[in-house]
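Chains, contacts and geometry: an overview
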Amino acid sequence: MIDQPTVTVDGHAIPLLGFGTWMLEPPVARRMVREALRIGYRHIDTAWIYENEAGVGDGIRDAIEAGHVARADIWLTTKIWVKHFRHDALLAQARESAASLGFTPDLLLLHWPKAEPSFEETLGALNQAAAEGLTRTIGLSNFPSAEWRRAQALSPSRLVTNQVECHPYLKTLQLQATATELGSSLTAWSPLAQGKVVGDPTLIEIGKAHGKTAAQVTLRWLIQQGIVAIPRTSKESRAAESFDIFDFTLTHEQMDRIHALARPDGRLGDWIDPAFHWDQEW
């Protein structure tokens, strides 16, 4: 078993490389989660809105029963959907997600910031979910820096991560600074820019110097910054490729070349409430 790097937040060690399940149908999610855990992944990410929590839970059970992993060694994340941000609805979904998974998640996130209901109500309910044992830790997803600070100010418990779009074509320097300021972490969804990194000449060239692919270089670039990456695939071979990133290190010059790929139009997915605005990086 490879000794994987982690980021420690509030005493919790979160594996820096995870396996995402967005858009995986339940049978595929079950197969790929089982395979990912066999390969060596120890961090699995899902969400209520993905409609595959039961499949993810089945995959985890399959891997445990096959002897590939123990539950205690898995970091399991799911998310509260925006329509469930009212106090009672949030707690009801937290219970539903735990039941569908068949496991208490290690991390429960608010999927996107919403202007209504109030942050006070939603953060209060999220903290209550943790107090009731419906999750070990809590956090956010897709929160700009201003809203992240506001949410943490309202939360008695540490918000251990903010899961956001993050890849070489999108600047996230302000979010990274906010994570440091708040004693938290950043998690990258779409870390491979929905496959766009695969044909990038710069990433391919850097990869050749290490005998690695452009995708492997990209994931290495993220985890060397202490950013959690959760690539998603429906192919076992791709999952194995993405996991094979622990035997090389990018140089400072190579890291800088990848940072330079960022561009003002690099965002690929933007479903944020119009009441909020992303950090201005340009």
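First, a word on what this report is: a plain description of the structure on this page. Predicted model, so just to flag it, every value in this text is computed and none were measured.

1. Quick look at the overall build of the protein
From N to C terminus, the protein includes 10 helices and 10 strands. Expressed along its principal axes, the backbone C-alpha trace of the protein runs to roughly 55 × 50 × 30 Å. Put simply, 77% of the contacts in the protein that link residues at least 6 apart link residues at least 24 apart. With the model as given, the accessible surface of the protein reaches about 11700 Å², and the carbon-plus-sulfur share is 51%. Here the protein contributes 27 positive and 34 negative side-chain charges, whose respective centroids are spaced 3 Å apart.

2. Some thoughts on the packing of aromatic side chains
What characterises a pair of aromatic rings is the spacing of the ring centres plus the angle enclosed by the ring planes. Inspection of every chain in the model, using the stated rule, returns 8 aromatic pairs. Geometrically, the ring pair formed by F19 and Y41 is edge-to-face, given 5.7 Å between the ring centres and 70° between the ring planes. A residue pair is termed long-range when its members are at least 10 positions apart, and F19 in strand β3 (residues 19-20) and Y41 in the loop between α1 (26-39) and β4 (43-45) qualify at 22 residues. When its relative accessible area of 0% is taken as the criterion, Y41 is described as buried. Centre to centre, the rings of W112 and W278 are 6.4 Å apart; their planes meet at 70°, and the pair counts as edge-to-face. Of this pair, W112 sits in the loop between β6 (107-110) and α4 (119-131) while W278 sits in the segment after α10 (252-259); the two residues are 166 residues apart in sequence, bridging distant segments of the chain. Accessibility classification places W112 together with W278 in one group, the buried group. By way of ring pairs, the aromatic residues F19, Y41, F243 and F246 are connected into one cluster. Over the face of the ring belonging to W282 we find K171, whose NZ or CZ atom lies 4.1 Å from the ring centre.

3. Some words on the packing of α1 against helix α2 (residues 53-65)
Packing of α1 against α2 leaves a shortest axis separation of 7 Å and a crossing angle of 35°. Between α1 and α2 the crossing geometry is right-handed. Of the residues in α2, those touching α1 at P26, A29, R30, V33, R34 and L37 are G55, V56, D58, G59, I60, D62 and A63. Here the contact of α1 with α2 is composed, by residue class, of 7 nonpolar, 2 polar and 4 charged.

4. Concerning α1
Compared with the 20 Å implied by 1.5 Å per residue over 14 residues, the 20 Å span of α1 between its first and last C-alpha is a close match. Every buried residue of α1 is listed here: A29, M32, V33, E35, A36, L37 and I39. In this structure, the buried side of α1 is in contact with β3, β4, α2 and α9 (236-243). Just beyond α1, the residue with positive phi is G40, at close to 140°.

5. Comments concerning the pattern of salt bridges
Evaluation of the coordinates by the stated rule reveals 18 salt bridges. A salt bridge links D58 to R30; its shortest N-O distance comes to 3.8 Å. A residue pair is termed long-range when its members are at least 10 positions apart, and D58 in helix α2 and R30 in helix α1 qualify at 28 residues. Overall, R30 belongs to the partly exposed group, its relative accessible area being 35%.

Conventions and cut-offs
Residues numbered from 1 in each chain as written. Predicted model: local features only at pLDDT ≥ 70, side-chain atom pairs only at ≥ 80, totals over all residues. Heavy atoms only, no water. Helix = DSSP H or I, 4+ residues; strand = E, 2+ residues; numbered from the N terminus. Contact = heavy atoms within 4.5 Å. Areas by Shrake-Rupley, 256 points an atom, 1.4 Å probe, with all protein chains shown as cover. Lys, Arg positive; Asp, Glu negative; His and termini not counted. Charge placed at Lys NZ, Arg CZ, Asp CG, Glu CD. Phe/Tyr/Trp six-rings, centres within 6.5 Å; stacked < 30°, edge-to-face > 60°. Buried < 20%, exposed > 50% of the residue type's maximum accessible area, 1.4 Å probe, protein only. Lys NZ or Arg CZ within 6 Å of the ring centre and 35° of its normal. Axes fitted to C-alpha atoms, helices over the stretch in contact; angles between N-to-C directions. Left-handed = near helix turned anticlockwise from the far one by under 90°. Nonpolar A, V, L, I, M, F, W, Y, C, P; charged D, E, K, R; others polar. Expected span 1.5 Å × (residues − 1). Salt bridge = Lys/Arg side-chain N within 4 Å of Asp/Glu carboxyl O.

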